[in-house]
Amino acid sequence: MPDTASDPASETVPGSALGDDLQARAAALLRSTANDLKRNDRDAEADLSLAPGAFAEYTSGRRPVTWELIERAARVWPVNERDLLPVRDDAPTGVRVCRAKESAATSRVIERGGGPYYEYRDTAMSRLSSYRPEWIRMLRTVDDDAPDNPAVEWNKGHLLYQFTYFVGPVNYYHEWEGVRHCVPMTTGDSVWGLPFGPHSFAARSDAEPAYILALTYGGDLTGDAQREIAALGTDAARDLALPSGADGALLASFLRARAMSAEELARRSGLSPDRVHTLCTGAGRAEWSELAALAPALGVPVRELLAPATRAHDGVSVRKGAGVRRWTYPDARRPAYRIAELAGDPLHPHTSALEVEVLTREEGGPPLTTHQHQYAYVLGEAPVTASWTRDGRSHTERLEPGDSAYAVPGVPLSLAAPEGGPAPRLLLLRIRGAVTPDVRFALGAMAADGIDRYVAEDRLWY
Ligand SMILES: [Fe+2]
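Here is what the cut-offs are and how they apply
- Residues numbered from 1 in each chain as written.
- Predicted model: local features only at pLDDT ≥ 70, side-chain atom pairs only at ≥ 80, totals over all residues.
- Heavy atoms only, no water.
- Patch = residues over 30% accessible without salt bridge, like charges linked within 9 Å, V, L, I, M, F, W, Y side chains within 5 Å.
- Areas by Shrake-Rupley, 256 points an atom, 1.4 Å probe, with all protein chains shown as cover.
- Salt bridge = Lys/Arg side-chain N within 4 Å of Asp/Glu carboxyl O.
- Lys, Arg positive; Asp, Glu negative; His and termini not counted.
- Charge placed at Lys NZ, Arg CZ, Asp CG, Glu CD.
- Helix = DSSP H or I, 4+ residues; strand = E, 2+ residues; numbered from the N terminus.
- Buried < 20%, exposed > 50% of the residue type's maximum accessible area, 1.4 Å probe, protein only.
- Contact = heavy atoms within 4.5 Å.
- Axes fitted to C-alpha atoms, helices over the stretch in contact; angles between N-to-C directions.
- Left-handed = near helix turned anticlockwise from the far one by under 90°.
- Nonpolar A, V, L, I, M, F, W, Y, C, P; charged D, E, K, R; others polar.
- Phe/Tyr/Trp six-rings, centres within 6.5 Å; stacked < 30°, edge-to-face > 60°.
- Lys NZ or Arg CZ within 6 Å of the ring centre and 35° of its normal.
- UniProt positions renumbered as here; feature names shortened; annotations may be inferred.
- Core = buried A, V, L, I, M, F, W, Y, C linked by side-chain atoms within 4.5 Å.
- Pairing = 2+ DSSP bridges.
- Donors = N, O, S within 2.8 Å, 3.2 Å for Na, K, Ca; no water.

Examining a negative patch on the surface
On the surface, Asp143, Asp144, Asp145 and Asp148 cluster together to form a negatively charged patch. With respect to the element layout, Asp148 can be found in the loop between strand 4 (131–138) and strand 5 (161–167). Since its relative accessible area comes to 61%, Asp148 is described here as exposed.

A closer look at the side chain of Glu175
Relative to the assigned elements, Glu175 resides in strand 6 (residues 170–176). The contacts of Glu175, once residues within four sequence positions are left out, are Trp154, Arg180, Gly197 and Pro198.

Observations concerning the packing of helix 9 (residues 262–269) against helix 10 (residues 273–281)
Axis separation between helix 9 and helix 10 bottoms out at 8 Å; the angle between their running directions is 115°. Note that helix 9 runs across helix 10; the crossing there is right-handed. Between helix 9, through Ala262, Glu263, Leu265 and Ala266, and helix 10, the contact on the second element is made entirely by Pro273, Val276 and His277. Of the residues that constitute the contact of helix 9 with helix 10, the class distribution is five nonpolar, one polar and one charged.

Things to note about helix 4 (residues 67–76)
For helix 4, the full list of buried residues reads Leu69, Ile70, Arg72, Ala73, Ala74 and Val76. For helix 4, the elements touching its buried residues are helix 1 (20–36), helix 2 (41–47) and helix 3 (54–59).

A look at unusual backbone geometry
With an omega of 0°, the peptide bond running from Tyr329 to Pro330 counts as cis. Mapping Pro330 onto the fold places it in strand 12 (residues 326–331). For Phe196, which is not glycine, the phi torsion reads 70° and is therefore positive. Tracing the sequence through the fold places Phe196 in the loop between strand 8 (190–193) and strand 9 (199–203).

A short note on the packing of aromatic side chains
Here the distance between the centres and the angle between the planes together describe a pair of aromatic rings. Using the criterion set out here, one finds eleven aromatic pairs in the structure. The interplanar angle of 80° and the centroid separation of 4.7 Å between the aromatic rings of Tyr117 and Tyr118 together place this pair among those described as edge-to-face. Judged by its relative accessible area of 0%, Tyr117 is buried. On the basis of relative accessible area, Tyr118 is assigned to the buried category, the value being 5%. Clustering of aromatic rings is evident, with ring pairs tying together Tyr117, Tyr118 and Tyr120. Above the plane of the ring of Trp135 lies Arg121, whose end atom (NZ or CZ) is 4.2 Å from the centre.

Let's talk about the UniProt feature "domain: HTH cro/C1-type" (unreviewed entry) in the protein chain
The sites that carry the UniProt feature "domain: HTH cro/C1-type" (unreviewed entry) are, in the present numbering, residues 250–305. Structurally, residues 250–305 comprises 64% helix and 0% strand, and the distance from its first C-alpha atom to its last is 6 Å.

Considerations on the nonpolar core
Phe163, Leu213, Leu415, Leu427 and Leu429 are the most contacted members of the largest nonpolar core, which totals 46 residues. When neighbours within four sequence positions are excluded, Leu427 is seen to be in contact with Phe163, Tyr165, Leu213, Leu215, Leu342, Leu354, Tyr375, Ala376, Tyr377 and Leu379.

Digging into a nonpolar patch on the surface
A surface patch of nonpolar side chains, about 390 Å² in accessible area, is lined by Met446, Ile451, Tyr454 and Val455. Within the secondary structure layout, Ile451 lies in helix 13 (residues 450–455).

Focus: the environment of Leu298
When you line up the elements, Leu298 lands in helix 11 (residues 288–298). For the pair formed by Leu298 and Leu342, sequence separation is 44 residues and the distance between their alpha carbons is 38 Å. Those residues in contact with Leu298 that sit more than four places away from it in its chain are Leu251, Phe254, Leu255, Arg258, Met260, Leu265 and Leu305.

Some points on the sheet that holds strand 1 (residues 95–98)
Backbone hydrogen bonds are what pair the strands of a sheet, in a parallel or an antiparallel way. What the seven strands build is an open sheet, ordered 1-18-15-20-14-13-12; its pairing is antiparallel. At either margin of the open sheet sits one strand with a lone partner, and together these are strand 1 and strand 12. Going from strand to strand, the sheet's axes swing by 25° on average, the running direction of each strand aside. Where strand 14 (residues 352–358) meets strand 20 (residues 425–431), six bridges bridge the pair, whose relative direction is antiparallel.

Focus: the coordination of the iron ion
Here the iron ion is held by His158 (NE2), Gln162 (OE1) and His199 (NE2), and the distances to it run 2.0 to 2.2 Å. All donor residues of the iron ion come from one chain, and their arrangement in sequence is H-x3-Q-x36-H. In this pair, His158 sits in the loop between strand 4 and strand 5 while His199 sits in strand 9, placing the two residues 41 residues apart along the sequence. For His199, a relative accessible area of 9% translates into the label buried.

Here we look at the environment of Phe55
Within the element layout of this structure, Phe55 appears in helix 3. Considered as a pair, Phe55 and Arg31 are 24 residues apart in the sequence and their alpha carbons are 8.9 Å apart. Those residues in contact with Phe55 that lie beyond four places of it in its chain are Leu30, Arg31, Ala34, Asp41, Ala44, Glu45, Leu48, Leu50 and Trp77.

Pasting the structure below:
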């Protein structure tokens, strides 16, 4: 219930306005929130102690939304400040480039165990995606591959997922459940790691470059999910956790969610009650024919009954460059790019780590379009020409070795080798954002003008 009875009605809420770039989307969020709470303009004005007509001024963008208005709304309505705050769009052209010299300007030496251990440099990041990609040079050199080499300084592990691409003679150290491992890596090798596994890196030689591209990202573990679980607490988080590959836990979870007995599910699906019990306990895995009977009996898609299983061993999936799968894209008849598949894991079906060799010299050639956010780093010695279009405008940038870029989902990014040079090589890490397949299916199921209103609600809903 509103608790602003003591606040005098004011024509506007004083204080600092959000930036101009945020105003239109802040106005849409305010309207959308009032709609969700079934408040018309007069009700909203009463709740927020605004003068008649003021709410429409805010939601139409004629009057700037202020921090104080957001704070007041979060106090009187059951919403959070962040529900009313839009994200900043720092990639309005669709691609954000970070030059090698901008990266070099962020150089800082990280000490471990009282001495210099890493040189860190930022590469391309955007507020639109959860990447925290670093270029990291190893400053510590070791002369063996022993996992317990005392020269190696370990971290405690971190929340963010880490995809790592190796350049030069680098030892990768990782620990899982108390056991330490060392994997000697070289250029083209890669690894994908689960959260919170302690790890370290060291050079095997100081005679040649030894560095990594440590592409950490939160994916859907950070943001709303983490904030929700932080409020729910540790016990709730343990209850919510589903083991890798546990189809039975998923099925049992749906039965609880629908308050349905195994006998009822058996009746609906044609399976025996014993068989449903067995599947729920994880003692057996359902056959395809059983899944095809269980899914409609629960009213869910079959994919909701299939648990992904990680392929990580000791917390990591290592992929050696010498053995990776390679192919040409878009196809063998028009081989614009040669692709190499780097480390990944079935737990993240919407993450793709690729090494791309650019074969085409045609600017604006076949695009590397995807539903994912894209991060690119120019490896090797050859520059590359990147071109794309957004909102009807064409853009072209020449990317030099050591430059990196971020591209928003859906941007048709074409890469081309400049005339006469060697084939450029890039590292691509593509990740899904907050737009899960469920959200994409929901967008696809909306009524005709639904997507426009979802993007920027500007009207009362009734
Ligand atoms: Fe790390």
